[in-house]
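Listed below, chain by chain, are the residues.
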Amino acid sequence: MNGDLERATPETSNWEPWLVQYAPRLLLFARQQSRREADAQDLVQEAVLDCWRRRPGPQPPPLALVFATIRRRAVDLARSAGRRANREAAALDELPPCWFDSSPEERERARLLEQAMRALPAIYREAVTLKLWGGLTFVEMAEALQIPPNTAASRYRYGILELRKLTRDTLA
Amino acid sequence: MNDSDFERFEQELLRITPAQPPPEYLGQLLRLPETAARKPVAAPWASLGDAVRASLVWRLRWLIPAAALAVAIGLVWTRPAPRLSRIRGTVAAVPFLPLKADSLRVHEHLVSSFDAIGRLSTGEPVRFRCREWMDEVVVSDKDRGFVLEQRTPRVEVIPVRFETY
């Protein structure tokens, strides 16, 4: 079995473009699911490796599976009392990373959007993130969040409406 | 917000893209394939033997509840049948007490009441007064510690002519 795993390694040619394309989206979702940047980065890295271990081969894993793994691992992480204490202590002296592109022309809008996203209830925030920036379908969202597709769709719609209310005066 | 506003707002949001990961972290992610190739840590077990054992245990996990069920059935099956004399003795020792309810309560609760309007074949309108009731009978015997409760839903429909209403 180990021999098989040794042979079945992800091929750089397939994985590189996949990681370059999706790493920002995965990290955005992980940042929303955790409080520390280091935890978010660990979540993405472990989720990608975990998915590859489950489906060894040259093809990158389905995006929905990686999002679902990040979410599951984030829940496990939050339950861990020891790490929580460390995280809270570290959060005091750590600047939160920007969730969105902070290029000079978009910096202000990104900041306003991040504020609004942070104000959204978590269930709406994750639905909006997975659909809008994750690019998942409602069925894939349902798999990732373990909810019915109709619920995923309604959470997304409510999330967008709520986001609109929160940014009415700030985003055009 | 109508559909076109909704879509416009979605497009507006999409213009703001997720932040790029720090370069050193992206580099670390891009090295994941090499790391995975160098250290095949996929299996949580240490050796092939452990893997086979873990796999077998996983495949045969249904045996645990099945074995528990088999033991329970075996215990029931092999339990000695109670002797007739003992049953007789028990029956004789406890005198039969007839059911004696010390409380009987009969209620009807009005669940809802509404009017519905229909039309006869002649075109004449008829009003129906509809009421949903819940009939409830409760019998209890405090000495024996039982309560019997029966609830039956009932619908009452009374046609009322428009002229009389």
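Not measured: the values here are computed from a predicted model.

What counts, and where the lines are drawn
- Residues numbered from 1 in each chain as written.
- Chains lettered and ligands numbered in written order.
- Predicted model: local features only at pLDDT ≥ 70, side-chain atom pairs only at ≥ 80, totals over all residues.
- Helix = DSSP H or I, 4+ residues; strand = E, 2+ residues; numbered from the N terminus.
- Buried ≥ 20, exposed ≤ 12 C-beta atoms within 10 Å, placed from the backbone.
- Contact = placed C-beta atoms within 7 Å.
- Pairing = 2+ DSSP bridges.
- pLDDT = per-residue confidence, 0-100.
- Axes fitted to C-alpha atoms, helices over the stretch in contact; angles between N-to-C directions.
- Parallel < 35°, antiparallel > 145°, perpendicular 65-115°, else oblique.
- Nonpolar A, V, L, I, M, F, W, Y, C, P; charged D, E, K, R; others polar.
- Arc of directions from axis to C-beta.
- Expected span 1.5 Å × (residues − 1).
- Left-handed = near helix turned anticlockwise from the far one by under 90°.

K.L.:
So what about the overall build of chain A? Which residues, and what values?
P.N.:
When its secondary structure is counted, chain A shows 9 helices and 0 strands. Listing each helix as α and each strand as β along chain A from the N terminus yields α-α-α-α-α-α-α-α-α. Classification of the 172 residues of chain A by burial places 38% in the buried group. Sequence separation of 24 or more characterises 65% of the internal contacts of chain A that already satisfy a separation of 6 or more.

K.L.:
Can you tell me about the pairing of strand β2 (residues 125-141) of chain B, naming the residues and giving the values?
P.N.:
Residue and element names in this part refer to chain B. When strand β1 (residues 103-119) meets β2, the two strands line up antiparallel, connected through 16 bridges. By the bridge assignment for β2, Leu 104 is matched with Val 139. Here β1 folds back onto β2, and the loop between the two strands holds 5 residues, one of which, Gly 123, carries a positive phi near 95 degrees.

K.L.:
Break down unusual backbone geometry for me, citing the residues and quoting the values.
P.N.:
All names here are of chain A. Even without being glycine, Gln 146 reaches a positive phi, approximately 55 degrees. Counting through the fold element by element, Gln 146 comes out in the loop between α8 (138-145) and α9 (149-166). You can call Gln 146 exposed: it has 9 C-beta atoms within 10 Å.

K.L.:
Give a detailed account of the confidence of the model for chain A, specifying residues and quantitative values.
P.N.:
Put simply, chain A has an average pLDDT of 81, and 81% of its residues get 70 or more. Counting interchain partners and residues more than four positions distant, the pLDDT-below-50 stretch residues 1-10 of chain A has 21 contacts.

K.L.:
Help me get a handle on the packing of α8 of chain A against α9 of chain A, residues and values and all.
P.N.:
All names here are of chain A. It is at 8 Å that the axes of α8 and α9 come closest, and there the two elements cross at 100 degrees. By the angle between their axes, α8 is roughly perpendicular relative to α9. For the pair α8 and α9, contact is made by Phe 138, Val 139, Met 141, Ala 142 and Leu 145 and by Pro 149, Ala 152 and Ala 153, respectively. Its residues assigned to classes, the contact of α8 with α9 shows 8 nonpolar, no polar and no charged.

K.L.:
Can you break down α8 of chain A residue by residue, with the values?
P.N.:
Residues and elements named next belong to chain A. Of all the positions in α8, only Glu 140, Met 141, Ala 144 and Leu 145 are classed as buried. Down the axis of α8, the smallest arc covering the buried residues is 125 degrees, so these residues share one side. The secondary structure elements touched by the buried residues of α8 are α4 (63-79), α7 (122-133) and α9. Among the residues trailing α8, Gln 146 stands out with phi positive, at a value near 55 degrees.

K.L.:
With reference to specific residues and values, describe α9 of chain A.
P.N.:
Three- or four-residue spacings in an α-helix give side chains the same orientation, since the helix completes a turn every 3.6 residues. End to end, α9 of chain A covers 25 Å across 18 residues, agreeing with the expected 26 Å (1.5 Å per residue, within 8%). Listing the buried residues of α9 of chain A in full gives Ala 152, Arg 155, Tyr 156, Gly 159, Ile 160 and Leu 163 of chain A. On an axial view of α9 of chain A, the arc spanned by its buried residues comes to 135 degrees, and they lie on one face. Exposed residues on α9 of chain A whose side chains face more than 90 degrees from its buried face are Asn 150 and Lys 165 of chain A. The secondary structure elements touched by the buried residues of α9 of chain A are α6 (107-119), α7 and α8 of chain A together with α1 (3-14) of chain B.

K.L.:
Lay out the environment of Val 106 of chain B with the relevant residues and their values.
P.N.:
The topology assignment puts Val 106 of chain B in strand β1. The sequence separation of Val 106 of chain B and Gln 150 of chain B amounts to 44 residues, and the corresponding C-alpha distance is 9.7 Å.

K.L.:
Could you give an account of the packing of α7 of chain A against α8 of chain A, with specific residues and numbers?
P.N.:
For any two helices packed against each other, one specifies the inter-axial angle together with the distance between the axes. Residues and elements named next belong to chain A. Where α7 meets α8, the axes come as close as 10 Å, and the angle between the chain directions of the two elements is 135 degrees. Of the possible angle classes, the one that applies to α7 and α8 is oblique. Here α7 and α8 pass one another in a crossing that is right-handed. Touching Glu 126, Ala 127, Leu 130 and Lys 131 of α7 are Met 141, Ala 144 and Leu 145, all from α8. For the contact of α7 with α8, a count of residues per class yields 5 nonpolar, no polar and 2 charged.

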